[in-house]
Amino acid sequence: MTEHSGPIEIDVGSDIRAVTFTTNGEYLVSGGSGVRVWRVKDTKLMATMEAYTVILCIAVSKDGEWIAAGTGQGVIVWDTKTYEKACTLKKDSEAVYAVDFSPDSSRLVTRMNGNIAIVWDITAGKQIQTLHHENTVRAAKYSPLGDRIVTGTILAVRVWDSNDGRLLSDIKGGVPVWGNDCLLCFNNNLLVVSWDKKIMEFDASTGSAASEWPFLDIDDTHRGISLPKHGKFITYSTTRTVTFWDISTHSQLALIDYPQGISSFALSPDDRFIAIGGEDKKITIKSLSRITNSTLASPLPPTFQEPDIQIDDAALDSAKQDQLTDPEPPFTETITNSGHQTHHALANRALVQARLQQSDLAIDDAENSIKIHPDVNGYIKKSVALVSEGKRSEACRVYDLAFRHCDPTDVDLILLIKAIVMFMAGEHRDAISRVDDLIATVHLNSICYVVQAYMYHLLGNLQMETSNYEVAIRSFERAGAQMRSYAGPDLSAISLISGWKFDGLDITVQQYLCDALYAAGCIKDAGDSLLKMLNTVDEAVYMRGPLIEWVSDWTHRYLSAPQSEGDAASNSAQHYETPTPTPLLREWAKATLANGEWQDALVSTASFTLPRVTTYWAVCERLETMDRVTDAIECFHEMTNELGEEVYISGPLTEWVADFMQRCLSAPRSDGDIALDATRDGNAPTLHASPTPLLQEWAKVNLTHDSWKDVLASAVNFTVPRVTIYRAIYERLETIDRIMDALECVNQMTSELGEEQHQESVLDFRQRSSRKLEDLGDTAVDAQRYDEAISQYTTAVSLNPPSPQDLLIKRSKAFLATGSWKQVLDDANQVIMLDPSSPWGYEMKHAALQKAGDYDNAVDAFETMLSKIAQSPDLSVQLHGDQYISPSNTRETIRKIVQRTTRHLPRVLINTATGRLYDRAEQASAFESLPIFNELVSLMTTRIDYVRIKREVRQYFRYAMLSHKWEENEPLFQQVMHIAVYDLDNSATHDKLQMFCKIVRDAGFNWAWCDTCCINKSDHFVLQEALVAMFKWYQGSAMMIVFLRGVRSSSQIGALVKSIWNTRAWTLQEYVASKIIHFYTEDWTLYLDLQSTNHKESPEVISEMEQATGVSAQQLMALRPGLMSIREKLRLASTRQTTLVEDAAYSLLGIFSVTGIPAIYGEGEGSLGRLLAHVLAGSGDVSILAWTGESGSFNSCLPANITVFNGPATSHFPLPIPDVDMERIIAAPSSSPFDLDAALKLYDRLDQLPAPWFAASRMKLPCIAFQLPPLSRYRTRSGRLYRVDTVAFGTVEIKTRRDLSRMDSLYLIHPWLDAILEREQLRSGAHIEDDVTPPLSPHTDDEEISDEEIDDDTSSLAEPEPPLLPASSRMVPMDKETRARRLVARLRQPFGALLVTLAASGRRAVDYRRVAADSLITVQIQENVSLVDILDNVCTLDVL
């Protein structure tokens, strides 16, 4: 909206309680059900702030930062930058009826529904002052300077000091109910609209009445008063009218009648607009200039009277038109014939001569005039003549004499003319100040404003000449601000005297302002100024006068400048998106095309910084406005030829082009497109003529967004044949791929016009359409728009193409993508019927049957397709068949994967569905009987999906295992092999097996395993395999069920620890190996009613298992099969019990991944010796020798019972020495020199010794052996105690049940060589840590697996031979001397020695036996034992 535009309305849609403008006047804020912010220029809603209660009043801070709204529950303050709530101010949730900001915007005064007004600190959000009245407060406002606060009740108005809240004055006279708008503060005065309908003016300092306005003869309720910034009038509102009153005369100037009812009103801070909030829920915004200019510029009684300036009519006209040449003829004749008025003619001739720079002559005539008759006229003309000669001071003195001869009524005009003379003399500022004084004393005299405006205009011109553009802009702006509408004889007199031309001054000032802004680089402001000027110019005057040429040149220069408003800077960001012509571009087109050709105009726009299309648009638009339709059409075609059609297919240009073409095609033939094309072709259009270019463009632009039927309907008034219109439409539809619409259009055309005369073109179009529809269907398929593709293909088939098979195949594929297998099958069968030799119908039939789940028939269809491909004479078809895989190949691959998978499963499993035992062949057959088998065969036509096969196979063969304590009458393999477990007779053990299978089946597993019936113990190979592989079977199970016999459902926590299950040897590996475990009580309820998916992770079970084993849950979880953590595994096994002695060893076969030991039940404790010998030989871990107790029969170094390992092994080993202590020991001085050479030899000798190993039951044990002298025997209660004094160890005590006195050649040996050599690991290279179900191949899942890989059993459970690591790789990295010194330090640490004696073996070689001690033999090599002596005692013993 502009200040010159008409009123506009905003439909708020809800009650309006208050309106106000923002500080800059650009936005309007309204309050009612919420607070809304509107932009004034286009009434766009910018923001809505909810208050959740009714809005009673609003205010905007002076700095524009805050919006405050009084509500039914306090004040809400919003931030104007974000429109987010800043704070809420309330006292006891009272309603607030008035709000006002302090000028510095830091405080807010509010009027509640009571006897007080409250002042708030906005930043702190707290109350800081309370102002009291005896009656209900109706109004509360800040003074303009903010030093005072004014409050009002119905009886009194009070003025307060805003700093300390002191009462300054108490004025009698109150305000009405809606009082805040009826109280106005300005300067030091108050205006109050009282409850008795008077406007009272008070002095705010004294409280005395300054004036009283006439009684307001109205019957409506008060709404308020407002004062514009210029202070010339006030605005007063009731519920039905808004009136404007002169602030000096107290007279009414204008009135706005608003019968809808007024709820509130506001003036914009820049005095441009008034906003009225209506009771009709609408806001009306009116321009104040349109209301007040007509009122304030109305004729007033003239204050100035024209002085006695006399001249004949011809001379006057000549002077007014600035056509002065030779003053002699007219003025001489006048002087001759004027008689007693000769002095007037002389004065006037002097004036003309002065303006013609004939200063001497002018002064002579003026002086002669004064001699004849001294009067005002003569003195003024002489003063002007003196000024033209540059005599400023003398001119002023002469001018002052004019006052002696003037009429008192002419004084003001004479003073004004003197100011003009002063200006002409170069005293510009003094002259302007003189006019200011006149304006202040001569009230509302418009001539003073006009003269001062001209002075500022001339001053701006002078500043432009010196390139002082910024100052010139201010001068021109002041000239525009002072401009008034005035015409009269006094102004004509001034024009004659000064030579100033006041006609069109307002336009001239605006022109110069535009030039100044442009020159200063304020391009956008210059454009705005021009548009503002043109809005005030009469159209007829503008189009005929010289202004239009100036506008054409100026806008051309503007549009060619970089960064010009809207036309360049704005449009550069949206170059071709929104190329709407800007107002200045339209003004350029109007001015340029007024007297020129459009081609020349376009040529001149080469320098424009606008998109080319925008310029074309503006020219076409203007040509059409000027009724130059033919030129407009030619210009449009020129645009499309130069820029292409893309410029108007989208964006705002589209709508204009559509309307433009519609008008052109509906125009008479003389100006329409047909006539134009006929002129071009030289022939008149025929009935069947092709669409003209304009008609084609019309179809193109309209069909971009509209339906073809609407476009056709809009052509009813076209002056072209109907068939041509139809053709233009369907050809365009075909071009833009709207084939369905094009076919519908053709069908309607043939229905309306008949098909006979169009048959050939229609047939050709349908054939094109069929091919086009096929292409569109292909495109839709590529974009996965299958429903669209089906529609395209179906329509194409309906057009009866010669060979529809390809279309049917494509449609069936689209149907397949949507899951519509029945339609796929129908299309496939139709293709087979049309061409039985084609393989592609069978291909789609296979796909349809596969989608339907009919895999048997799907495979048959696929095999038929392969047969048709092989029989095809087309080589390309045969080559195409190379991509397919035969179903027989797929079956074979699946079988191999099944075979390889079952190879790692238990040999026999229980099928939970049938309850029968299945061996591996039967397990594979069971998988082949499933629908998934044929589904996999049917799916894999071009590539074998190994990932899918393995996933399905593994999913099917998931199994669960039972962990329990064996009981009497367990169902064995021979008993169950011919009967389903579900058919076994009732017994406790049978029920256990049956419930286990049912739970597994209900959990979704197809297979179950129980050690009672799934191992054929009569087959030694099967039993041996099971003993070794059982750990990995448990590890590979999907779930393990633990049956806790003796634990009832009512048992409390701790029952698991005490259960017999937790004491058995076999259950240890079952718990450690299984990943997911569920514990069940003996009545088959979950233990402790645990509902977790894995009891092994349950805190209750973890706690009990840690208590039962003495090992943390993390350590239990970390145990893996193989030769790792050997001592820890032996310790765990030492706490477990077995029914058979041999099971103490056999239950560890899986844990240690030992495969080379046959299970020989009946051999007794020798089984443990064989196991430990195998483990020791494989690992080199001598911690197996660290025990006290009884020796076993297999080898004397190995124990008879596993319980000896129930204790730490580290007590035998030398204690580790921290690095700090080691460095101290090495660096400490010794009583004897360190024998480095002997130390290095000792180190090399020990490092070169082999690891311990077994040959049958004989062990090769590398060690350091020290022979003992004769022993002294002592008898104690617990056994024999022997004491011996040795050179190597000092006194040694040995406790044993054996009689050592009968033994010859006793030795204490140090076998812990790895410990003193500080090897990183105790020969632990031989261990197996892989899962029970290893990957099927080293390939990724997507790679093909070869037959060799499938057949090769790379996941055998056989244990590989341990590699012997080179010594260098087992050393802690350090230099040789340091290693030797560290060896000596560790060698002299206490250690647990083993006692051995010579054994009679009948061999030549010396054999030894270990003598088992009852307690640890702790010794320490003495300092006096030399390294050479120790080196001599290094050896490898054969121990039996």
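One can find the structure itself at the top, above this paragraph.
Basis of the calculations
- Residues numbered from 1 in each chain as written.
- Predicted model: local features only at pLDDT ≥ 70, side-chain atom pairs only at ≥ 80, totals over all residues.
- Heavy atoms only, no water.
- Helix = DSSP H or I, 4+ residues; strand = E, 2+ residues; numbered from the N terminus.
- Buried < 20%, exposed > 50% of the residue type's maximum accessible area, 1.4 Å probe, protein only.
- Contact = heavy atoms within 4.5 Å.
- Areas by Shrake-Rupley, 256 points an atom, 1.4 Å probe, with all protein chains shown as cover.
- Pairing = 2+ DSSP bridges.
- Phe/Tyr/Trp six-rings, centres within 6.5 Å; stacked < 30°, edge-to-face > 60°.
- Lys NZ or Arg CZ within 6 Å of the ring centre and 35° of its normal.
- Core = buried A, V, L, I, M, F, W, Y, C linked by side-chain atoms within 4.5 Å.
- Salt bridge = Lys/Arg side-chain N within 4 Å of Asp/Glu carboxyl O.
- Polar contact = N/O pair within 3.5 Å; in protein donor to acceptor, adjacent residues only side chain to side chain.
- Axes fitted to C-alpha atoms, helices over the stretch in contact; angles between N-to-C directions.
- Parallel < 35°, antiparallel > 145°, perpendicular 65-115°, else oblique.
- Left-handed = near helix turned anticlockwise from the far one by under 90°.
- Nonpolar A, V, L, I, M, F, W, Y, C, P; charged D, E, K, R; others polar.
- Lys, Arg positive; Asp, Glu negative; His and termini not counted.

### Topic: the overall build of the protein
Part 1 of the argument: If you tally the helices and strands in the protein, you get 56 helices and 44 strands.
Part 2 of the argument: Counting the 1440 residues in the protein, one finds 52% classified as buried.
Part 3 of the argument: Here the analysis covers contacts within the protein between residues at least 6 apart in sequence; of these, 59% occur between residues at least 24 apart.
Part 4 of the argument: In the structure as shown, the protein presents an accessible area of about 64,200 Å², 49% of it carried by carbon and sulfur atoms.

### Section: the sheet that holds strand β32 (residues 1007-1009)
Adjacent strands of a sheet pair through backbone hydrogen bonds, lying either parallel or antiparallel.
Part 1 of the argument: Taken together, six strands build an open sheet; the order of strands is β30-β29-β32-β31-β33-β34 and the sheet is mixed. Since the sheet does not close on itself, it has two edges, and those belong to β30 (917-918) and β34 (1077-1081), each with one partner.
Part 2 of the argument: Of the pairings in the sheet, the one linking strand β29 (residues 909-911) to β32 comprises two bridges and is antiparallel in character. If you follow Asn911 over to β32, its bridge partner there is Trp1007.

### Notes on the packing of aromatic side chains
Part 1 of the argument: The full count for this structure, using the stated rule, is 33 aromatic pairs.
Part 2 of the argument: Among the aromatic residues, those joined into a cluster by ring pairs are Tyr918, Phe927, Phe933, Tyr956, Phe957 and Trp1007.
Part 3 of the argument: The ring of Tyr1071 carries Lys1096 above its face, with NZ or CZ at 5.1 Å from the centroid.
Part 4 of the argument: The side chain of Arg1410 reaches across the aromatic face of Trp1187, ending 4.0 Å from its centre.

### Some points on helix α44 (residues 1065-1073)
Part 1 of the argument: By the criterion of burial, α44 is predominantly enclosed, with nine of the nine residues buried.
Part 2 of the argument: Every buried residue belonging to α44 is among Ala1065, Trp1066, Thr1067, Leu1068, Gln1069, Glu1070, Tyr1071, Val1072 and Ala1073, and all of these are buried.

### Brief notes about the nonpolar core
Part 1 of the argument: Formed by 167 residues in total, the largest nonpolar core has its most connected members in Phe927, Phe996, Phe1079, Leu1185 and Leu1246.
Part 2 of the argument: Per-element accounting of this core gives the leading share, 10 residues, to helix α42 (residues 1020-1036).
Part 3 of the argument: Setting aside chain neighbours within four positions, we find Phe927 in contact with Ile894, Val898, Ile932, Phe933, Leu936, Glu952, Val953, Tyr956 and Phe957.
Part 4 of the argument: By size, the runner-up hydrophobic cluster in this structure holds 107 residues, among which are Ala699, Phe718, Tyr726 and Phe815.

### Looking at unusual backbone geometry
Part 1 of the argument: One non-glycine residue with positive phi stands out, namely Asn969, at about 65°.
Part 2 of the argument: Within the secondary structure, Asn969 is located in the loop between β31 (959-963) and α40 (973-976).
Part 3 of the argument: The exposure class assigned to Asn969 is exposed, which follows from its relative accessible area of 65%.
Part 4 of the argument: The backbone phi angle of Asp1089 is positive, close to 55°, even though this residue is not glycine.
Part 5 of the argument: Checked against the element boundaries, Asp1089 lands in the loop between β34 and α45 (1099-1109).

### Quick notes on the pattern of salt bridges
Part 1 of the argument: If you walk through the whole model with that rule in mind, you get 55 salt bridges.
Part 2 of the argument: Residues Arg158 and Glu134 are paired through a salt bridge, measuring 2.6 Å at the closest nitrogen-oxygen approach. Taken together, the residues Arg158 in strand β16 (residues 156-161) and Glu134 in the loop between β13 (126-132) and β14 (139-142) connect sequence positions 24 residues apart.
Part 3 of the argument: Assessed through its relative accessible area of 10%, Arg158 is described here as buried.
Part 4 of the argument: Its salt-bridge partner being Asp1237, residue Lys1241 comes within 3.4 Å of it at the nearest N-O pair. Remark: Asp1237 and Lys1241 occur in helix α52 (residues 1236-1247); sequence separation between them is four residues, near one turn of the helix.
Part 5 of the argument: According to the relative accessible area criterion, Lys1241 is partly exposed, its value standing at 47%.
Part 6 of the argument: Overall, Asp1237 belongs to the partly exposed group, its relative accessible area being 46%.
Part 7 of the argument: Linked through salt bridges whose partners overlap, the residues forming this network are Glu967, Glu970, Lys992 and Arg1045.

### A short note on the side chain of Thr284
Part 1 of the argument: Mapped onto the fold, Thr284 is located in strand β28 (residues 282-287).
Part 2 of the argument: When its relative accessible area of 4% is taken as the criterion, Thr284 is described as buried.
Part 3 of the argument: Only 2.9 Å separates the side chain of Thr284 from the side chain of Tyr258, close enough to count as a polar contact.
Part 4 of the argument: Residue contacts for Thr284: discarding those within four places in its chain leaves Pro7, Ile8, Glu9, Tyr258, Ile274, Ala275 and Ile276.

### With respect to the packing of helix α36 (residues 887-902) against helix α39 (residues 946-956)
Helix-helix packing: each pair is described by the crossing angle between the helix axes and the interaxial distance.
Part 1 of the argument: Two numbers describe how α36 lies on α39: the axes approach to 10 Å, and their chain directions differ by 45°. Here α36 lies oblique to α39, going by the angle between them. The handedness of the crossing between α36 and α39 comes out as right-handed. Contacts between α36 and α39 involve Thr893, Ile894, Ile897, Val898 and Thr901 from the former and Tyr946, Ile949, Lys950 and Val953 from the latter.
Part 2 of the argument: For the contact of α36 with α39, the class distribution of residues is six nonpolar, two polar and one charged.

### Topic: the side chain of Arg1136
Part 1 of the argument: Looking at the element boundaries, Arg1136 is found in the loop between α47 (1126-1134) and α48 (1143-1146).
Part 2 of the argument: Of the side chains bearing the opposite charge, Glu1070 lies closest to the buried Arg1136, which forms no salt bridge; the N-O distance is 8.3 Å.
Part 3 of the argument: One polar contact links the side chain of Arg1136 to the main-chain carbonyl oxygen of Asn1062, over a distance of 3.0 Å.
Part 4 of the argument: Here the side chain of Arg1136 touches Thr1067 through a polar contact of 3.1 Å, side chain to side chain.
Part 5 of the argument: When sequence neighbours within four positions are dropped, the list of residues in contact with Arg1136 reads Trp1061, Asn1062, Thr1063, Arg1064, Ala1065, Thr1067, Leu1068 and Thr1109.

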